[in-house]
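Structural overview for review
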Amino acid sequence: MARVTDDIRQQVYERARRQCEYCQTQKKLVVTMQIDHIIPLAADGATALDNLCLSCVSCNSNKRDFQFGIDPATGLDARLFHPRTQRWATHFRWSDDGLRIIGLTATGRATVNRLRMNGTAMVESRGEWVAMGKHPPIHGS
């Protein structure tokens, strides 16, 4: 397994604007961010810039080595969101109150479901961030 170098780590952080590329949680609001292999090492994914993304601990720990999730609208498997090849705004939007991520496509819904993006702790945290005027992010990728 190739190690993520400090240089690549810095490039991933800068490219992601220091926010989770799945749920858009900003680094300044959480303590720990992680580098995720979009295509997992277990599936022969490379430790290369085009296969890496910035992920909050919650999204990364729920994604694990999965590449697919269940779309709750159809009950079928759908490929998870790929931050290097897909646009966030195509697959997701924020609820009007900024607390929940709404999946707009099978990929979006499966990703929200698999990564538990609207878990209780995350929704409660977003409520605090909204009250502070720090959420949701004003730019989507």
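The preceding data block contains the structure.
Now for a quick tour of the structure. Keep in mind that what you see is a predicted model, and the values were worked out from it rather than measured.

A word on the overall build of the chain. Helix and strand counts for the chain come out as five helices and six strands. The C-alpha atoms of the chain give 14 Å as radius of gyration, which agrees with the globular expectation for 141 residues (14 Å, within 12%). Based on the C-alpha atoms only, the size of the chain along its principal axes is roughly 40 × 35 × 25 Å. Looking at the chain as a whole, 43% of its 141 residues qualify as buried.

Describing an aromatic ring pair means giving the distance of the ring centres and the angle of the ring planes. Applying the stated criterion across every chain, the model contains four aromatic pairs. A connected cluster of aromatic rings, assembled from ring pairs, spans Tyr22, Phe81, Trp88, Phe92 and Trp94. Between the NZ or CZ atom of Arg114 and the centre of the ring of Phe66, over which it lies, the distance is 3.6 Å.

A word on the pairing of strand β1 (residues 33-37). The buried fraction of β1 amounts to four of the five residues, a majority that puts the element mostly inside the structure. In this structure, β1 lies alongside strand β2 (residues 52-56), joined through five bridges in antiparallel fashion. Its bridge partner lying in β2, Gln34 is registered against Ser55.

Most of β2 sits inside the fold, with five of its five residues counted as buried. Residues Leu52, Leu54 and Cys56 of β2 are buried on one face, and the alternating residues Cys53 and Ser55, pointing to the opposite face, are buried as well.

Below, the discussion takes up the pattern of salt bridges. A complete count under the given rule lists three salt bridges for this structure. The salt bridge partner of Glu21 is Arg84, with a shortest N-O separation of 2.6 Å. In this pair, Glu21 sits in the loop between α1 (6-15) and β1 while Arg84 sits in the loop between β4 (77-79) and α3 (88-91), placing the two residues 63 residues apart along the sequence.

Okay, the side chain of His135 next. The topology assignment puts His135 in the segment after α5 (120-131). A distance of 3.1 Å separates the side chain of His135 from the backbone oxygen of Gly98, its partner in a polar contact. Excluding residues within four positions of it along the chain, His135 makes contact with Trp94, Gly98, Arg126, Trp129 and Val130.

Note that an α-helix has 3.6 residues per turn; residues three or four places apart therefore point the same way. Within the sequence span of α1, burial applies to Ile8, Val12 and Tyr13. For α1, the buried positions fall inside an angular range of 140 degrees around the axis, keeping them on one side. Facing away from the buried side of α1 by more than 90 degrees, the exposed set consists of Asp6 and Asp7. Where α1 is buried, its residues meet β1 and β2.

Residues His135 and Pro136 are joined by a peptide bond in cis, for which omega reads -5 degrees. Positive phi is not limited to glycine here, since Arg17 has a value of about 55 degrees. Counting through the fold element by element, Arg17 comes out in the loop between α1 and β1.

Definitions and limits used
- Residues numbered from 1 in each chain as written.
- Predicted model: local features only at pLDDT ≥ 70, side-chain atom pairs only at ≥ 80, totals over all residues.
- Heavy atoms only, no water.
- Helix = DSSP H or I, 4+ residues; strand = E, 2+ residues; numbered from the N terminus.
- Rg over C-alpha atoms; globule rule 2.2 N^0.38 Å.
- Buried < 20%, exposed > 50% of the residue type's maximum accessible area, 1.4 Å probe, protein only.
- Phe/Tyr/Trp six-rings, centres within 6.5 Å; stacked < 30°, edge-to-face > 60°.
- Lys NZ or Arg CZ within 6 Å of the ring centre and 35° of its normal.
- Pairing = 2+ DSSP bridges.
- Salt bridge = Lys/Arg side-chain N within 4 Å of Asp/Glu carboxyl O.
- Polar contact = N/O pair within 3.5 Å; in protein donor to acceptor, adjacent residues only side chain to side chain.
- Contact = heavy atoms within 4.5 Å.
- Arc of directions from axis to C-beta.

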